[in-house]
Amino acid sequence: MNENEKNINDAAEGEPEIVTLLDENDEEIRFELIGGYNDKGVQYFALIPEGSADEDGGFEEYIILKSVKNADGSEELVEIEDDKEFDRIAAIFDDAFDAEYDYDDEN
């Protein structure tokens with residue numbers, strides 16, 4: 001597998017993988033993993049709120065988080081703070097979702 005190979009389709013088959021995240025008030029929010037992308041060893045994930053996909057599996061918007069290692073070796077999903085990095089990764093997901101899902105980018 002190429003280091004930068006897209007694995008967007010992995011989450012589309014079978015039951016959706018559910019990820020539980022904590023918001024700023026430490027309340028749990030459940031998301032469906034709709035895709036992932038590895039870029040030079042950094043893993044990015046696209047997620048939608050659980051149950052927000054329509055009956056055809058389409059969605060209007062999603063969030064992108066990246067996995068980072070903490071000092072203790074544990075991994076955490078965080079927002080992408082660098083605008084150029086975010087725009088580059090968002091374009092990759094948008095292109096893949098345009099081809100695979102009923103994704104309607106409003107831009």
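Owing to the predicted nature of the structure, the values given are computational and were not obtained by experimental measurement.

Taking strand neighbours across the sheet as the criterion, the five strands line up as 1-2-3-4-5 in an open arrangement whose pairing is antiparallel. This sheet does not close on itself; its edge strands, each paired only once, are strand 1 (17–22) and strand 5 (75–79). Shown here is a sheet whose adjacent strand axes are inclined to one another by a mean of 45 degrees, direction ignored.

Evaluation of the coordinates by the stated rule reveals five aromatic pairs. Measuring from ring centre to ring centre gives 5.0 Å for Y62 and F97, while their planes differ by 90 degrees; the resulting arrangement is edge-to-face. Pair noted here: Y62 is in the loop between strand 3 (42–49) and strand 4 (63–69) and F97 is in helix 1 (residues 83–100), with a separation of 35 residues, a long-range link. A ring pair is formed by F93 and F97, whose centres lie 5.6 Å apart and whose planes are at 25 degrees; its orientation type is stacked. Residue F93 and its partner F97 are both found in helix 1; the two are separated by four residues, about one turn of the helix. With respect to burial, F93 and F97 carry one shared label: buried. Members of the aromatic cluster, joined through ring pairs, are F59, Y62, F93 and F97.

Quick look at the environment of V19 now. Residue position: V19 is located in strand 1. Under the relative-accessibility criterion, V19 is labelled buried at 17%. Considering only alpha carbons, one finds V19 and R30, 11 residues apart in sequence, at a separation of 5.7 Å. Filtering out sequence-adjacent residues up to four positions away, V19 remains in contact with I29, R30, F31, L33, L47 and L77.

Thresholds applied
Residues numbered from 1 in each chain as written. Predicted model: local features only at pLDDT ≥ 70, side-chain atom pairs only at ≥ 80, totals over all residues. Heavy atoms only, no water. Pairing = 2+ DSSP bridges. Helix = DSSP H or I, 4+ residues; strand = E, 2+ residues; numbered from the N terminus. Axes fitted to C-alpha atoms, helices over the stretch in contact; angles between N-to-C directions. Phe/Tyr/Trp six-rings, centres within 6.5 Å; stacked < 30°, edge-to-face > 60°. Buried < 20%, exposed > 50% of the residue type's maximum accessible area, 1.4 Å probe, protein only. Contact = heavy atoms within 4.5 Å.

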